[in-house]
Amino acid sequence: MEHLVQFAQIQGFTAIALGLIIGLGALGACIGIGVMGSKFLEAAARQPELVPLLQGRMFLLAGLIDAAFLIGVALAMYFAVANPLLGKILTAAGAGQ
């Protein structure tokens, strides 16, 4: 019975952590892309001849920011589907300890 309580606690804490990972990652990515876009528009208004160069760099950085967020999502989905923290509880419950 104690193993079931530990199992449920780990699942609950994992769900909270997944929400934090995805939510804060999305918030950070949105803020980062917003700030970068505003700075791009400021630079484009100041020096219009540099727009093609700046635009390429802006899209590169937008991809890197999104990639960091998607790595966080992948890590969160890993813990949601194949949680390594549950392995010890399941082996202890199976051994009858």
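Residues numbered from 1 in each chain as written. Predicted model: local features only at pLDDT ≥ 70, side-chain atom pairs only at ≥ 80, totals over all residues. Heavy atoms only, no water.

Per an unreviewed UniProt entry, the chain is named ATP synthase subunit c, and its organism is Frateuria terrea. The record in UniProt for the chain states the following under Subcellular location (unreviewed entry): "Cell membrane". Quoted verbatim from the Sequence similarities (unreviewed entry) field of UniProt, the annotation for the chain is "Belongs to the ATPase C chain family." (UniProt positions renumbered as here; feature names shortened; annotations may be inferred.)

Student: What is the right way to read the UniProt feature "domain: V-ATPase proteolipid subunit C-like" (unreviewed entry) in the chain from this model?
Tutor: Look at the UniProt record and you will see "domain: V-ATPase proteolipid subunit C-like" (unreviewed entry) annotated at residues 16-78. For the annotated span residues 16-78, helix accounts for 94% and strand for 0% of the residues, and the straight-line distance between the end C-alpha atoms is 14 Å. (Helix = DSSP H or I, 4+ residues; strand = E, 2+ residues; numbered from the N terminus.)

Student: I would appreciate a short explanation of the UniProt feature "transmembrane region" (unreviewed entry) in the chain in the present structure.
Tutor: In this numbering, the UniProt entry assigns the feature "transmembrane region" (unreviewed entry) to residues 12-37 and 58-81. Secondary structure content for residues 12-37 is 100% helix and 0% strand, while the C-alpha to C-alpha distance between its ends is 37 Å. As annotated, residues 58-81 has a helix share of 100% and a strand share of 0%, and its two end C-alpha atoms lie 34 Å apart.

Student: Looking at this structure, how should I read the pattern of salt bridges?
Tutor: Charged atoms that come close allow side chains of opposite charge to pair. Per the stated rule, a full pass over the model turns up one salt bridge. Note that Lys-39 is salt-bridged to Glu-42, the shortest N-O span being 4.0 Å. A residue pair is termed a helical-turn pair when its members lie 3 or 4 positions apart in one helix, as Lys-39 and Glu-42 do in helix 1 (residues 2-46) at three residues. Using a relative accessible area of 40% as the deciding quantity, one classes Glu-42 as partly exposed. (Salt bridge = Lys/Arg side-chain N within 4 Å of Asp/Glu carboxyl O. Buried < 20%, exposed > 50% of the residue type's maximum accessible area, 1.4 Å probe, protein only.)

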